[in-house]
Structures are given as structure tokens and as C-alpha cells.
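# Structure at a glance
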Amino acid sequence: MTGSDLDAVTTARLLMRLPREADRDRFVELFCNEDFMVFYPRVLTAGEARDRFDHMVAVCQGIPFGKQPVVELSSGLVVGYAGVDYIDFEGKTWLEWGYRLVPECRGLGYATEASQALLAKARQTYTGTLLAIIAPQNLASQNVCNKLGFTCWKQASVGGDIRNLYTLPIGEPAT
Ligand SMILES: CC(C)(COP(=O)(O)OP(=O)(O)OC[C@H]1O[C@@H](n2cnc3c(N)ncnc32)[C@H](O)[C@@H]1OP(=O)(O)O)[C@@H](O)C(=O)NCCC(=O)NCCS
């Protein structure tokens, strides 16, 4: 068993584990796919997608609940990702929660299931406030966010686009 397997989290239908080199081609394919990247400013070029995968690996080396592959147990396929990435917003570096699934795996509760499992891991290792940034018209994502316990903070411009911002404090409250 590898270190990455030991860090894996399983649910009834899914496995979340750290990204490995063998995942590269799958994520490059996904990051370049218009359907997968809906509600993102644009699809990535192949070069940008490879960089994004490298970034995913790097973040996961430091954060056990970094954005990581979501594997569907029934098919064995990587069907998306869930977890956090760093984002700078209003002069502060935040951990931003996100998820993204292939179209055929949406509407099955996977994003909520994967996120709940990874949030349990986050609560064991991190104290702070998580941020979620969602396009106002992305109702599915806002539903997931609400089910995870995030609450609406405000609407703001992020990268020039109006976004709904949600927060979720986790870990021990400061004394
Ligand atoms: C957002 C996304 C990850 C949600 O994944 P999912 O596994 O389908 O989410 P869940 O099934 O756990 O929950 C979705 C909820 O939204 C609801 N929903 C789905 N589509 C909806 C829509 N178009 N309008 C309103 N509600 C919708 C579902 O009914 C469900 O709510 P319920 O459990 O109360 O019935 C998925 O749709 C996706 O990958 N979208 C494209 C990428 C994206 O938008 N990522 C987020 C960027 S902020």
C-alpha cells in the first residue's frame, strides 16, 4: 500500500485520494473539456491543463484535503475532483472549497458525498474559515454548498465576475 492509498477516503460510492502521475492524462482531458469546465471562465489549453495538474499535486502534498480525484467505485473511473485550493481574495489567502464532476455523474449526490467525507478529514487537521465562490446562476453548486453547511457571506467581484461567496468555519474556535 502506498502513502497515497493510506490517505484515501472512501464513502458508499466514491473514493477520494491524492493525485498521482497516472491521473495526469485524465485530468488534462477533463480540464480541456468544455462540458467539464462549465461555469469556469474558459477551458484550459493542454499546457495550462498540465500545469493545473502539477498544481493539484503540489497543493495535495501540503493539504490532505486539497482538490483531489473523485473515483467512482462502481466504474473505477476518475469522475471529477473535490477539495480546496489556495486563493487570494481581499488581501488574504483563503482555502477555497470546490468540486467539479463529469456531466454523466451530476445529479447523483456525488459532490455532496465527496465533500462531506473530505470535510471530515479537513476538520481533523485544519482550523479556519473555508471559502466557496459560486456564479449566481449555478444553482446546483449553491445547493451543494448549503448542504455542506456553508452560509452566504456576500456578493463580490472575483476576477472581474460577480460571484456569490460562502464561508464555513471549521475546527476549534479561537479561545
Ligand atoms: C456543481 C456540481 C459539482 C454538483 O454536483 P452533484 O453531484 O450533481 O451535486 P449533488 O447531487 O450532491 O447536489 C446537487 C443539488 O442541486 C440540485 N440541482 C442540480 N441541478 C440543479 C439546477 N440546475 N437547478 C437547481 N438545483 C439543481 C440537485 O437536486 C441537488 O439538490 P438536492 O440534493 O436537494 O436534490 C456538478 O453539477 C458539476 O460538476 N457542475 C459543473 C461544475 C461546477 O459548476 N462546479 C462548481 C463550480 S462553483
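Up top you'll find the structure we're talking about.
Here we summarise the structure given alongside this text. (Residues numbered from 1 in each chain as written. Predicted model: local features only at pLDDT ≥ 70, side-chain atom pairs only at ≥ 80, totals over all residues. Heavy atoms only, no water.)

### Some details on the sheet that holds strand β2 (residues 14-16)
Keep this limit in mind: Any two strands are treated as partners once DSSP identifies two or more bridges connecting them. Numbering goes from the N terminus for both helices and strands, where a helix is a DSSP run of H or I of at least four residues and a strand is a run of E of at least two. Here, two residues are considered to be in contact whenever any of their heavy atoms come within 4.5 Å of each other. The convention used is that axes are lines fitted to C-alpha atoms, helices contributing only their stretch in contact, and that angles between N-to-C directions extend from 0 to 180 degrees.
Spatially, eight strands are ordered β1-β2-β3-β4-β5-β6-β8-β7 in an open sheet, and the strand pairing comes out mixed. Each end of this open sheet is capped by a strand with a single partner; those strands are β1 (9-10) and β7 (151-158). The pairing of strand β6 (residues 128-134) with strand β8 (residues 161-170) spans seven bridges and is antiparallel. Along β8, the bridge assignment pairs Ile-133 with Leu-165. Here helix α2 (residues 24-31) sits on the sheet and contacts β3 (68-72) and β4 (78-89); the angle it forms with β4, its principal contact strand, is near 70°. Against the sheet, helix α4 (residues 110-125) contacts β1, β2, β3, β4, β5 (92-101), β6 and β8, and its axis sits at roughly 145° relative to β5.

### Digging into the environment of Arg-50
Among the structural elements, Arg-50 can be located in helix α3 (residues 46-62). For the pair Arg-50 and Glu-29, spaced 21 residues apart in sequence, the C-alpha to C-alpha distance is 9.7 Å. Excluding its chain neighbours within four sequence positions, the residues that come into contact with Arg-50 are Arg-24 and Val-28.

### Quick word on the packing of aromatic side chains
To be explicit about the condition: What counts as a ring pair is set by centres within 6.5 Å for rings of Phe, Tyr and Trp (its six-membered ring), and what kind of pair is set by the plane angle: stacked under 30 degrees, edge-to-face over 60, tilted for all other angles. Residue exposure (1.4 Å probe, protein chains only): buried if accessible area is under 20% of the type maximum, exposed if over 50%, otherwise partly exposed. Working rule: Lys NZ or Arg CZ, within 6 Å of ring centre, within 35 degrees of ring normal, means a charge sits over the ring.
Taken as a whole and judged by the stated rule, the model has seven aromatic pairs. Look at Trp-94 and Trp-153: their rings are 5.5 Å apart centre to centre, the planes differ by 40°, and that puts the pair in the tilted class. With Trp-94 in strand β5 and Trp-153 in strand β7, this pair connects stretches of sequence that are 59 residues apart. In this structure Trp-94 comes out as buried when scored by relative accessible area, which is 9%. Here the aromatic cluster, defined as three or more aromatic residues joined through ring pairs, consists of Phe-27, Phe-31, Phe-36, Phe-53 and Tyr-81. The side chain of Arg-52 reaches across the aromatic face of Phe-31, ending 4.6 Å from its centre. Note that Lys-92 overlies the ring of Trp-94, its terminal NZ or CZ placed 3.9 Å from the centroid.

### Some thoughts on the nonpolar core
Cut-off, in case you're wondering: Here, nonpolar core means buried Ala, Val, Leu, Ile, Met, Phe, Trp, Tyr and Cys residues that are tied together by side-chain atoms lying within 4.5 Å of each other.
Counting 47 residues, the largest nonpolar core has Trp-97, Tyr-99, Leu-130 and Phe-150 as its most contacted members. The element best represented in this core is α4, accounting for seven residues. Filtering out sequence-adjacent residues up to four positions away, Trp-97 remains in contact with Phe-65, Gly-83, Val-84, Ser-115, Leu-118, Leu-119, Leu-130, Leu-131, Ala-132, Leu-148 and Phe-150. In this structure, Trp-94, Leu-131, Ile-133 and Leu-165 belong to the second largest nonpolar core, which totals seven residues.

### A word on the pairing of β4
When you tally the buried positions in β4, you get nine out of 12 residues, the bulk of the element. With four bridges connecting them, β3 and β4 associate as antiparallel partners. For Val-71, the partnering residue across the bridge sits in β4 and is Val-78. Between β4 and β5, which follow one another and run antiparallel, lie two residues, and Glu-90 among them has a positive phi close to 50°.

### Quick word on α2
Using the following cut-off: This arc describes the spread of directions from the helix axis toward the C-beta atoms.
Of the residues making up α2, those classed as buried are Arg-24, Phe-27, Val-28, Leu-30 and Phe-31. The arc that holds every buried residue of α2, seen down its axis, measures 165°, which confines them to one face. Looking at the buried side of α2, the elements it contacts are α3, β3 and β4.

It is worth stressing that arrangement in space is one thing and function is another; only the former is reported here.
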